[in-house]
Amino acid sequence: MKVLRVKGELCTQCYACEEVCSTNVSKERDRSKSAIGIGEKAVDTGRVDITTCDQCGQCIEVCPTNALYRAKSGVVLLNEDDCVGCLSCVGFCPSGAMFRHEDLLEPFKCTSCGKCVKECAEGALYLEDL
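Quick notes on the rules
Residues numbered from 1 in each chain as written. Predicted model: local features only at pLDDT ≥ 70, side-chain atom pairs only at ≥ 80, totals over all residues. Heavy atoms only, no water. Helix = DSSP H or I, 4+ residues; strand = E, 2+ residues; numbered from the N terminus. Buried < 20%, exposed > 50% of the residue type's maximum accessible area, 1.4 Å probe, protein only. Phe/Tyr/Trp six-rings, centres within 6.5 Å; stacked < 30°, edge-to-face > 60°. Lys NZ or Arg CZ within 6 Å of the ring centre and 35° of its normal.

You'll find the protein chain entered in an unreviewed UniProt entry as 4Fe-4S binding protein, with Metallumcola ferriviriculae given as the organism.

Spelled out as structure tokens, the structure:
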């Protein structure tokens, strides 16, 4: 299973990863629709807080319609046809990596597609095989 990992100390907050991710998630370049969250840079460490899914799968357990499932690859995916938009997964995610947007009916999350990794010039994002 591939999992997106981060090196916050390398992030320059250029937001290129969020832009490419939003294009993948919603087919538009809108950082608020990204499954990666680039946060603030810590003053003391210079490390940027980056939120993304670690594919732990705890959201699967709280989904009342079984719309969330683990694919053969190991990545957690959402079947939008089965999602009722209750957002239980958003509230439950221990990493805060299940996102929602008012324009979208269903929540969304990182699927470890790797497009953000290719976009990150600083190497702050990488895929790890588990």
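Following the structure, the description resumes.
**Student:** Mind laying out unusual backbone geometry, listing which residues take part and the relevant values?
**Tutor:** For Tyr-15, which is not glycine, the phi torsion reads 70° and is therefore positive. Within the fold, Tyr-15 resides in the loop between strand E1 (2-6) and helix H1 (16-26). Not every positive phi belongs to a glycine, and Gln-55 is a case in point at roughly 60°. For Gln-55, a relative accessible area of 2% translates into the label buried.

**Student:** Run through the packing of aromatic side chains, naming residues and quoting values.
**Tutor:** If you walk through the whole model with that rule in mind, you get 1 aromatic pair. When the ring of Phe-99 is compared with that of Phe-108, the centres are 6.1 Å apart and the planes differ by 20°; the resulting orientation is stacked. When sorted by exposure, Phe-99 lands in the same class as Phe-108, which is buried. For Lys-7, the ring lying beneath its charged end belongs to Tyr-126, and the centroid distance is 5.1 Å. It is Arg-31 that lies over the ring of Tyr-15; its NZ or CZ is 3.7 Å from the centre.

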